[in-house]
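The lines below spell out each chain.
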Amino acid sequence: MKSLLQIASALAIVLPVLGAEAAAPATSPGPALSFRVERGSDPIGTHTVSFTRKGDDLHVAIDIELAVSFGPITLFRYEHRNRETWRDGRLVALETATNDDGTEYRVSAKATEEGLEVTSSANGTFIAPAEIIPTSYWHPATVSQTQLLDTQKGRILNIDIAPAGMREAAAGGETLPVREYEMTGDLKLKLWYSPKMEWLNVIFRARGEDVDYRVVRIDRQELQVALQ
């Protein structure tokens, strides 16, 4: 049971830095990306990403539901809601709410003339770089960053990321070649992207086991429209 608790703790560190009600339309389509989150071969939850265009704005809705159990007992529960608004390739608004096994976090952000003004329940208010990318991983510019905005605790993370070889991933009923990127620094994980820079996986180690994502739904047309 101890190892399960330690794995749950690792989930709370890595996955959150993935983000609840921002200025998104009241209705949204089905998710462009839907993942089953697994530890080893055991499913522990879901992660979905949906996109909605409204005028010049791209609204992104991210929902994460995780639970680590031992038999009928739930040892750890994690819920994350992230609403992002993008305009002209930049993040202009963010609202997140997280329940990390009973500990709640909230983050909001808005574009200003000085940069992205971030207010979080854990780290107060500060100005982040205007072009900063949040830790939601769907944006292809993630792989070229040296800093990311933590969408759970509202802090700036310093990272390095580099290509780490080619892999294959099953998505939408087909097998796709993917490039793996390894992230180090304040975050240690691996990310997979298709040749069209569609995000297809995040992987990290916890107590000698991989925690990773399996694509269960992908709308590649909707995803490509969002990435334009």
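Structure: above.
Residues numbered from 1 in each chain as written. Predicted model: local features only at pLDDT ≥ 70, side-chain atom pairs only at ≥ 80, totals over all residues. Heavy atoms only, no water.

Enquirer: Got a minute to help me understand the overall build of the chain in this structure?
Expert: Within the chain one finds two helices and 15 strands. Counting all 228 residues of the chain, 49% fall into the buried class. Surface accessibility of the chain: about 10500 Å² in total, with carbon and sulfur atoms responsible for 47%. (Helix = DSSP H or I, 4+ residues; strand = E, 2+ residues; numbered from the N terminus. Buried < 20%, exposed > 50% of the residue type's maximum accessible area, 1.4 Å probe, protein only. Areas by Shrake-Rupley, 256 points an atom, 1.4 Å probe, with all protein chains shown as cover.)

Enquirer: Looking at this structure, how should I read the pairing of strand β8 (residues 124-128)?
Expert: In summary, the side chains of a regular strand alternate between the two faces of the sheet. Where strand β7 (residues 116-120) lies against β8, five bridges are found, and the strand directions are antiparallel. Bridge pairing in β8 links L116 to A128. Linkage of β7 to β8, two consecutive antiparallel strands, is achieved through a turn of three residues. (Pairing = 2+ DSSP bridges.)

Enquirer: I would appreciate a short explanation of the side chain of D212 in the present structure.
Expert: Within the secondary structure, D212 sits in strand β15 (residues 209-218). For D212, a relative accessible area of 8% translates into the label buried. Apart from the residues lying within four places of it in its own chain, the contact partners of D212 are R36, V37, E38, N201, V202 and I203. (Contact = heavy atoms within 4.5 Å.)

Enquirer: Sorry, what's going on with the packing of aromatic side chains here?
Expert: How two aromatic rings sit relative to each other is given by the distance of their centres and the angle of their planes. Evaluation of the coordinates by the stated rule reveals seven aromatic pairs. Seen from their ring centres, F35 and Y213 are 4.9 Å apart, and the 50° between their planes marks the pair as tilted. Pair noted here: F35 is in strand β1 (residues 33-39) and Y213 is in strand β15, with a separation of 178 residues, a long-range link. By relative accessible area, Y213 is classed as buried at 2%. Aromatic pair W199 and Y213: ring centres 5.8 Å apart, planes at 50°, arrangement tilted. Pair noted here: W199 is in strand β14 (residues 199-206) and Y213 is in strand β15, with a separation of 14 residues, a long-range link. Given the relative accessible area of 1%, W199 is considered buried. By the ring-pair criterion, three or more aromatic residues cluster together here, those being F35, Y137, W199 and Y213. (Phe/Tyr/Trp six-rings, centres within 6.5 Å; stacked < 30°, edge-to-face > 60°.)

Enquirer: Hey, could you run me through the nonpolar core in this one?
Expert: Nonpolar side chains tend toward joint burial in soluble globular proteins. By size, the foremost hydrophobic cluster in this structure holds 55 residues, and its most contacted members are F51, W138, L191 and W199. When neighbours within four sequence positions are excluded, L191 is seen to be in contact with Y137, T142, I161, R179, E180, Y181, M183, W199, N201 and V202. (Core = buried A, V, L, I, M, F, W, Y, C linked by side-chain atoms within 4.5 Å.)

Enquirer: Honestly, unusual backbone geometry in this entry has me stumped. Any pointers?
Expert: With glycine set apart, most residues show a phi of negative sign, and most peptide bonds adopt trans. Phi at D101 is positive, roughly 55°, even though this residue is not glycine. Residue position: D101 is located in the loop between β5 (90-100) and β6 (103-111).

Enquirer: How should the pattern of salt bridges be read in this particular structure?
Expert: Close approach of charged atoms allows side chains with opposite charge to pair. The tally for this structure, following the rule as stated, stands at twelve salt bridges. Here D212 ties to R214 by a salt bridge, and the two come within 3.5 Å at their closest N and O atoms. For R214, a relative accessible area of 38% translates into the label partly exposed. (Salt bridge = Lys/Arg side-chain N within 4 Å of Asp/Glu carboxyl O.)

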